[in-house]
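Summary of the model geometry
Spelled out from the first residue to the last, the chains are:
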Amino acid sequence: MVIHDDPELVVLLDPDGAAVGTAAKDEVHHAATPLHLAFSCYLVDGDDRLVMTRRAATKRTFPGVWTNSFCGHPAPGEALDEAVRRRGRQELGVDVGPPRLVLPRFRYRAEQDGVVEREMCPVFTARVTDEPVPDPAEVDDVRPVAWQDLVVAVREGTWAGLSPWCVEQVTELAALGGSPGEWPAADPAALPPAARLAA
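A few points on the structure. Quantities reported herein were computed from a predicted structural model and do not represent experimental measurements.

About the thresholds
All residue numbers refer to position in the chain's written sequence, counted from 1. The model is predicted, so local features are restricted to residues of pLDDT at least 70 and side-chain atom pairs to those at 80 or more, both for listing and for counting; the totals for chains, interfaces and linings are taken over all residues. As a convention, hydrogens and water are excluded, and side-chain values are obtained from all of the structure's heavy atoms. Whenever a carboxyl oxygen of Asp or Glu lies within 4 Å of a side-chain nitrogen of Lys or Arg, that contact is scored as a salt bridge. Categorising residues by exposure relies on relative accessible area from a 1.4 Å probe, with only protein chains included: less than 20% of the type maximum marks a residue as buried, more than 50% marks it as exposed, and the intermediate range marks it as partly exposed. Strands are runs of DSSP state E lasting at least two residues, helices are runs of H or I lasting at least four, and both sets are numbered from the N terminus onward. The directions from the helix axis to the C-beta atoms are what the arc is built from. Pairs of residues are marked as contacts when any of their non-hydrogen atoms sit within 4.5 Å. Classification of ring pairs rests on two measures: the distance between centres of Phe, Tyr or Trp rings, Trp counted by its six-membered ring, which must be within 6.5 Å, and the angle between planes, read as stacked under 30 degrees, edge-to-face over 60 and tilted in between. A ring is considered to have a charge above it if a Lys NZ or an Arg CZ atom is located within 6 Å of its centre and within 35 degrees of its normal. Expected helix span is taken as 1.5 Å per residue step, with the number of steps being one fewer than the number of residues. Counted as a polar contact is a pair of N or O atoms within 3.5 Å, where, for protein atoms, one must be capable of donating a hydrogen and the other of accepting one, and residues adjacent in sequence contribute only when both atoms are in side chains.

1. Some remarks on the pattern of salt bridges
The final tally for this structure, using the stated rule, is nine salt bridges. The salt bridge involving arginine 49 is made with aspartate 45; its shortest N-O contact spans 3.1 Å. In this structure aspartate 45 comes out as buried when scored by relative accessible area, which is 12%. Its salt-bridge partner being arginine 127, residue aspartate 48 comes within 2.7 Å of it at the nearest N-O pair. With aspartate 48 in the loop between strand 4 (39-44) and strand 5 (49-55) and arginine 127 in strand 11 (residues 123-127), this pair connects stretches of sequence that are 79 residues apart. A network of salt bridges, in which partner residues are shared, links Lys59, Arg87, Glu91 and Glu138.

Here it is as structure tokens:
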């Protein structure tokens, strides 16, 4: 008997961030992608550098672009911070320290080669001590980068191939001041209604 795994589902949202249903992840990204719930995470290594990654060239959305440490979609009912830890293990083979919410209201729309991303995408930061062991289906390369170097690269447009959401996020994160370890934790009450934290 063949057992088929259930498809990975993403949470669909209304314009205010309330859940209005689900869709299969492998079917949701196209030219008319519906608004859905996601997250981004910026990992900080033992030398206080950000772990930047290049998305695998085989990915359906934004293949080959450099971006933050990893992104993902919480499963229906899954807490965002638990999803961050799950995705860190899946994409980079690392145990992520307690994720800290820093941009609860981040949302964006971006398009590449006719495929659209349209997400409410709260942003987290977390510490990591393990050396990344990327899943080649997700990540082609890993690069540690000093925060200020990344800020300058975004401001001056000198890092070709950086994801549009990362550019927007870095601009908003820089406005918080200081280094990633100094960014203030955001109020979980500011998350979209469909999102929650475990603790």
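Still more ground to cover, so stick around.
2. Details of helix 3 (residues 147-156)
Since there are 3.6 residues in each turn of an α-helix, residues three or four apart along the chain are aligned in direction. By the burial criterion, the buried members of helix 3 are Trp147, Leu150, Val151, Ala153 and Val154. Seen along its axis, helix 3 keeps its buried residues to an arc of 165 degrees; they face one direction. Summarising the geometry of helix 3, the exposed residues directed more than 90 degrees from the buried face are Asp149, Arg155 and Glu156. Tucked inside the fold, the buried residues of helix 3 contact strand 5, strand 12 (139-146) and helix 4 (164-174). Positive phi appears at glycine 157, one or two residues downstream of helix 3, with a value of about 65 degrees.

3. Describing the packing of aromatic side chains
Taken as a whole and judged by the stated rule, the model has five aromatic pairs. Their ring planes at 50 degrees and their centres at 5.7 Å tell us that tryptophan 66 and tryptophan 159 sit as a pair that is tilted. One end of the pair, tryptophan 66, is in strand 6 (residues 66-67); the other, tryptophan 159, is in the loop between helix 3 and helix 4, and 93 residues separate them in sequence. Of the residues examined, tryptophan 159 reaches a relative accessible area of 14% and is grouped as buried. An aromatic cluster is built from Phe62, Phe106, Tyr108 and Trp165, whose rings are joined through pairwise contacts. In this structure, arginine 143 is placed above the aromatic ring of tryptophan 66, and the distance from its NZ or CZ to the ring centre is 4.4 Å.

4. A look at helix 2 (residues 80-92)
With 13 residues, helix 2 ought to run about 18 Å at 1.5 Å a step, and its terminal C-alpha atoms sit 18 Å apart, in line with that. Listed as buried for helix 2 are Leu80, Asp81, Ala83, Val84, Arg86, Arg87, Gly88, Glu91 and Leu92. If you follow the buried residues of helix 2, they end up packed against helix 1 (25-28), strand 4, strand 5, strand 7 (70-72), strand 11 and strand 12. Positive backbone phi, approximately 65 degrees, marks glycine 93, located one or two places after helix 2.

5. Focus: the environment of serine 69
Mapped onto the secondary structure, serine 69 falls in the loop between strand 6 and strand 7. Overall, serine 69 belongs to the buried group, its relative accessible area being 1%. Between the alpha carbons of serine 69 and leucine 50 there is a distance of 7.6 Å; along the sequence they are 19 residues apart. Residues in contact with serine 69, not counting those within four places in the same chain, are Cys41, Tyr42, Leu43, Val51, Thr53, Glu91 and Leu92. Separated by 2.7 Å, the side chain of serine 69 and the backbone nitrogen of leucine 43 make a polar contact.

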